[in-house]
Amino acid sequence: MIRISPERISEMRNSRSSRILITGATGFLGSHLAVELLRKGYRVLLLVRPLKNLSAGERAERLLNWFEADEIDFANLRVIQGNLEDPLLGLDPQTYGDVASEVDEIIHCASATSFSERKRALVEKSNVANLRNFLAFAARSRCSFFHYVSTAYAAGKRQGRCPEEMTEAREFTNVYEETKHIAERLAKNTCDEEGIRLNIYRPSIVYGNSRNGRTFRFNAIYYPLRTMFMLKEVYDRDIRENGGDRARAMGIFIDEKGRLHLPIRLETLPYGGINLIPVDFFVEAFLSIMEEAVEGGIFHIVNPRLKPLKDLAEYAERFLGVKGIEAVPPGTFSTFPRNGLETLFENCVGAYGPYMKDERVFESAGSDAILRKRGITCPEFDYPTFSRCLKYAVETDWGKNLGNKEERRTSSIQHRMEENKTGPTWPRRMG
Ligand SMILES: NC(=O)c1ccc[n+]([C@@H]2O[C@H](COP(=O)([O-])OP(=O)(O)OC[C@H]3O[C@@H](n4cnc5c(N)ncnc54)[C@H](OP(=O)(O)O)[C@@H]3O)[C@@H](O)[C@H]2O)c1
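Treat the numbers as computed from the prediction; the structure is a model and nothing was measured. (Residues numbered from 1 in each chain as written. Predicted model: local features only at pLDDT ≥ 70, side-chain atom pairs only at ≥ 80, totals over all residues. Heavy atoms only, no water.)

Draft legend 1. Layout of the sheet that holds strand β9 (residues 253-254). With respect to topology, 3 strands assemble into an open sheet ordered β9-β10-β13, the strand pairing being mixed. In the strand order of this sheet, the two ends are held by β9 and β13 (322-328), each with one partner. With 2 bridges connecting them, β9 and strand β10 (residues 260-267) associate as antiparallel partners. Bridge assignment links F253 to a residue of β10, and that residue is H261. (Pairing = 2+ DSSP bridges. Helix = DSSP H or I, 4+ residues; strand = E, 2+ residues; numbered from the N terminus.)

Here is the structure:
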């Protein structure tokens, strides 16, 4: 028996009386969703775990600093210190029950995103066992809607067209894909049993904001680019300061125009490329689907155009001011094996390889219909966007320099959050 009608869900959202609990709000996608919902006037509750010497509340403050989200109404924000590893989410039984009785909708973004087999136990725990705990909370709560952030790659190694529906997959590229696939089923089973509507959102690979290049996560597409950037720095210095023996051994030299020649070939497929979407598009698409698809469903949030590796190689050369990075046809390495530099590069970024030469089509008729209606299209990952994102990455030293800026703004935000800590029942456990 479905808990609430779609009309009532829309009504509660339109009047902003719905209370939406978000997990993973200290992460990349969860934080962007949380801030946008707050900007739109929604009432938002964040479940955040403490980190080192920072409480959940302090972590939320830092986040709002980074977003420069001064305009939001802090009275709409509650932060609960908790942890999904615990069956009671790290709350005492009374608080667990109180929060459950207040929540109208849930957005679940918390996840482990490592591809590493060495981290299998942690990824399984985070994506499956923790989800079980959280679904038990959803069942106990009065929530009418569960929004599960999955991934387009929950399809596993399936080839060809990947539909916007639950599909069987037996082979996976890594533990991340495998556990996201299992998690979708778990979410579906519980939501079906409990009468909770479920939206499953399947984004492809998300990079920073297409308009200003900002992000605070530098994994996924940033990782191979960062590796190239570091290789350039190391071997450039070796040539200029240490005689260049190490560079020569790798086939690296400075050409007649003074540019570093960094011989890195990237094997691709004839129609292959990488499916990239910017985080601003993800947020717009997510919120549109959330607002329109009140019956529930499965939605791919993807780019209709794969970015060919050839273009990315050219952008990387241009941005770094180097030569030698090139996309090559499949099978090249069996005829002309990898050089030392390519072996080193492969060791660092091999886990991303399958995503860089993907030929699959993620069907998106369901999400397209909604996005078309709202005039939303996925921006092109062209050179200006690429360089904006990379410039921000380099300026912030791939995220290392973000902390200082956050520190500077903390006191004013902290002051404003103090002013608005008014909720009579929430937040009982604000950090
Ligand atoms: N980023 C992408 O390109 C991409 C693409 C497709 C799909 N997705 C999906 O989008 C979702 C979010 O990904 P993301 O890139 O935003 O990941 P992320 O930046 O790594 O964030 C993961 C979040 O999960 C939280 N979390 C993990 N374990 C927790 C626990 N035990 N208790 C409470 N919180 C916990 C983390 O909290 P801490 O800060 O405390 O660690 C963090 O806030 C994931 O489901 C992922 O599969 C992401």
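Draft legend 2. Structural context of helix α12 (residues 340-349). L341, E342, F345 and V349 are the residues of α12 that are buried. Each buried residue of α12 sits inside an arc of 95° when the element is viewed along its axis, so together they form one side. Residues of α12 that are buried make contact with α7 (222-242), β10, α11 (332-335) and α13 (353-356). With a side-chain oxygen positioned 3.0 Å from the backbone nitrogen of L341, the residue opening α12 is N339. (Buried < 20%, exposed > 50% of the residue type's maximum accessible area, 1.4 Å probe, protein only. Arc of directions from axis to C-beta. Contact = heavy atoms within 4.5 Å. Polar contact = N/O pair within 3.5 Å; in protein donor to acceptor, adjacent residues only side chain to side chain.)

Draft legend 3. Representation of the packing of helix α2 (residues 28-39) against helix α9 (residues 279-292) in the model. In contact at an axis separation of 10 Å, α2 and α9 are set at 60° when each is read in the N-to-C sense. Here α2 lies oblique to α9, going by the angle between them. The handedness of the crossing between α2 and α9 is right-handed. Residues F28, L29, H32, L33, E36 and L37 of α2 touch α9, and the partners they reach there are V279, F282, V283, F286, L287 and M290. Looking at the contact of α2 with α9 residue by residue, the classes come out as 10 nonpolar, 1 polar and 1 charged. (Axes fitted to C-alpha atoms, helices over the stretch in contact; angles between N-to-C directions. Parallel < 35°, antiparallel > 145°, perpendicular 65-115°, else oblique. Left-handed = near helix turned anticlockwise from the far one by under 90°. Nonpolar A, V, L, I, M, F, W, Y, C, P; charged D, E, K, R; others polar.)

Draft legend 4. Up close: the site of the ligand. Around the ligand, the structure places 27 residues, and the nearest of them are T26, R49, R59, Y176 and K180. In the model, a nitrogen atom of the ligand is placed 3.4 Å from a nitrogen or oxygen of the N130 side chain. A distance of 3.1 Å separates an oxygen atom of the ligand from a polar atom in the backbone of V149. The fraction of the free accessible surface of the ligand (900 Å²) that becomes covered by protein chains is 90%. Residues that form the shell around the ligand fall into these classes: 11 nonpolar, 11 polar and 5 charged. (Near = heavy atom within 4 Å. Areas by Shrake-Rupley, 256 points an atom, 1.4 Å probe, with all protein chains shown as cover.)

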